[in-house]
Amino acid sequence: TDTNISQSHSQSTTSSNATANFSTGANISQSHSQPTTSSSNATENFRRAFPGLCARNQTRPKRTSLGSNIASIPHKMSRTYSGTFIAKETWTHDFCLLSSPAAKKTPTTVEIEQLRKAGLGKRKIVFPSKDADHNGLVKHLEASYPKLKSGGGFELLKGIGGGSGARNLESLPLGSNGYSIRYLRETLCIGQAVLYIKPLQVKLDMTPEDVNYVCIN
């Protein structure tokens, strides 16, 4: 009887240990499977949130080197021009043609308007070269003021003295080569002063004309 009780107790103990071991193994298995499931869920959530980053079959464009890009540029775009560009040097200045050889003062505002209507008065004249000689200057002045040709020659003057009213006129002396542009700019140093043109012999016609000259090239 004691032997049977001992065997029964031993079997019961063995069964309990086996049950305990099975329970422990199940718990261990569950503890190992939980992180795997959590990691899988996190990966799936990331794929859903950023499908573009996780696309497996997405093909990326091939990178091209800088050399191949340069080689693909059309040849005509890489041409260089060895020619030199020379700017055209002109000279622009303000002139005012008077009508009377006896004029001694600058014209008033009313007189300037009368001169303008007659094709005289103030003009901004553009000379094609700042190195034009006396003949070149005369040519462009007569082209800008057609009536100047009938004046029997002319002289250039400048206003002296201050004030906004009529000022005295002072004659500009002729150079050895006449009124060349270089002589006016560098020897007489006229700067931005208006140059007045006065006919020498004949009073110019003051008949109004339907003209509005600004400059001549």
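Note that this is a predicted model, so its numbers are computed, not measured.

Turning our attention to the pattern of salt bridges. Going through the model one piece at a time under the given rule, you end up with seven salt bridges. Residue Lys198 pairs with Glu155 through a salt bridge whose shortest N-O separation is 3.3 Å. Of the two residues, Lys198 sits in strand E5 (residues 195-199) while Glu155 sits in strand E3 (residues 154-160), which places them 43 residues apart along the sequence. In this structure, Lys198 and Glu155 share a single accessibility class: buried. As a salt-bridge pair, Glu186 and Arg182 come within 3.1 Å of each other at their nearest N and O atoms. Taken together, the residues Glu186 and Arg182, both in helix H5 (residues 181-187) and four residues apart, mark about one turn of the helix. Residues joined in a network through salt bridges with shared partners are Asp131, Arg182 and Glu186.

Relative to the elements of secondary structure, Ser99 occurs in the loop between strand E1 (91-97) and helix H3 (109-117). Judged by relative accessible area, Ser99 falls into the buried class, the value being 13%. Ser99 has contacts with Leu115, Leu120, Pro199, Val202, Lys203, Leu204 and Met206, leaving out every residue within four places of it along the chain.

Rules used throughout
Residues numbered from 1 in each chain as written. Predicted model: local features only at pLDDT ≥ 70, side-chain atom pairs only at ≥ 80, totals over all residues. Heavy atoms only, no water. Salt bridge = Lys/Arg side-chain N within 4 Å of Asp/Glu carboxyl O. Helix = DSSP H or I, 4+ residues; strand = E, 2+ residues; numbered from the N terminus. Buried < 20%, exposed > 50% of the residue type's maximum accessible area, 1.4 Å probe, protein only. Contact = heavy atoms within 4.5 Å.

It is worth stressing that arrangement in space is one thing and function is another; only the former is reported here.
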